[in-house]
Amino acid sequence: MIFKFKKSLGQHFLKDTETLKKIASLKNIENQVIVEIGPGKGALTKMILKQNPKKLIVVEKDKTLQPYLIKIKNNHPKTLEIIFDDVLSIDFNKLDNNKLILLANLPYNIASKLILNLLKNSKIFRYLIVMVQKEVAERFSAKVSSKAYSRISILAQLQSDIKKYFDVSPEKFFPKPNVTSSVIEIIPAKKYDFDYQKLDQILKVSFRQRRKTIKNNLKNLKKFSEKEIINCGVDPNLRPQNIKPEDYIKLSDALI
Ligand code: SAM
């Protein structure tokens, strides 16, 4: 079988057995319902199946991978379920009645968007263990005032706890990507009540220009008022990267 790798689908397949084993056995997943996004030829899928999950649902966009995945399914007809679809159009609420665990070596181009989308449905997940580009992992876990602190850090950290496990070098993949990857765990945790749309809107405006003060970035908002910013306990002369996640909730409630 000759397989043509598709760059547009982020097809960098992990070929290092030790790393695959390490990812699949980070936690005890015996008897749990697992979702794997982008199984590719099924290298991680096979490792997950060795951990005896109750069920493994894989979602793959590339139908040309069907022969590889069907072969695995034939050995695990009851446990493995294959869905050929775009993960961005999957309703995870309908996949299973049990809480889900997500395990995946994610396609880089959709990783951030997908994780943020999944966190909106966080009640259905126990946790997510994902491999993403190292830079993306840093953005998710960046603390206030650090270089990588951004909209993604804030949205993720207000809804989850994030733990980094280890980095994976480009040599461990085929074809070799240009970047290092990291394996992280995201554990959904409801910490605050907030309006997601409003918060996201304020974050997009606030981080439009990192070098500008928050006051200058927010000037385009209809309800802009420097006094309101001060009333939220925020110094209007701070840069967006110096404002804590909780303060962005206050700003979104006051200004949008
Ligand atoms: N799991 C395999 C591994 O570890 O070697 C492959 C991981 S590879 C980084 C990403 C996989 O996601 C590819 O198989 C690709 O076809 C699939 N993919 C890309 N975009 C997708 C999407 N929108 N929905 C579902 N699968 C997607």
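Coordinates for the structure precede this section.
Residues numbered from 1 in each chain as written. Predicted model: local features only at pLDDT ≥ 70, side-chain atom pairs only at ≥ 80, totals over all residues. Heavy atoms only, no water.

### Some words on the pairing of strand β4 (residues 80-84)
Then, in step 1: With four of five residues buried, β4 is to be regarded as a mostly interior element.
Then, in step 2: In this structure, strand β3 (residues 55-60) lies alongside β4, joined through five bridges in parallel fashion. Each residue of the ladder has a partner; that of Val59, found in β4, is Ile83.
Then, in step 3: Handedness of the crossover is the feature at issue here: the chain leaves β3, passes through helix α3 (residues 66-75), returns alongside β4, and the resulting connection is right-handed. (Buried < 20%, exposed > 50% of the residue type's maximum accessible area, 1.4 Å probe, protein only. Helix = DSSP H or I, 4+ residues; strand = E, 2+ residues; numbered from the N terminus. Pairing = 2+ DSSP bridges. Right-handed = clockwise from strand over helix to strand, strands pointing away.)

### Structural notes on the site of the ligand
Then, in step 1: Around the ligand there are 22 residues in total, and Gln11, Leu14, Gly38, Glu60 and Asp86 lie nearest to it.
Then, in step 2: Within the side chain of Gln11, an N or O atom sits 2.9 Å from an oxygen atom of the ligand.
Then, in step 3: Notes on the ligand: free accessible area 600 Å², of which the protein chains cover 98%.
Then, in step 4: Among the elements of the structure, β1 (13-14) and β3 are those that each provide at least two residues to the shell around the ligand. (Near = heavy atom within 4 Å. Polar contact = N/O pair within 3.5 Å; in protein donor to acceptor, adjacent residues only side chain to side chain. Areas by Shrake-Rupley, 256 points an atom, 1.4 Å probe, with all protein chains shown as cover.)

### Overview of the sheet that holds strand β7 (residues 160-168)
In a beta sheet, neighbouring strands are held together by backbone hydrogen bonds and run either parallel or antiparallel to one another.
Then, in step 1: Read from one edge to the other, the open sheet built from seven strands follows the order β4-β3-β2-β5-β6-β9-β7, with strand pairing classed as mixed. The sheet is open, and its two edges are formed by β4 and β7, each paired on a single side. Each strand axis lies, on average, 20 degrees off the axis of its neighbour in the sheet, ignoring direction.
Then, in step 2: Pairing geometry for strand β2 (residues 33-37) and β3, over five bridges, is parallel. Across the sheet, residue Val35 finds its bridge partner in β3, namely Ile57.
Then, in step 3: Packed onto the sheet, helix α1 (residues 17-24) meets β5 (100-105), β6 (125-133), β7 and β9 (181-188) and runs at close to 165 degrees relative to β7. (Axes fitted to C-alpha atoms, helices over the stretch in contact; angles between N-to-C directions. Contact = heavy atoms within 4.5 Å.)

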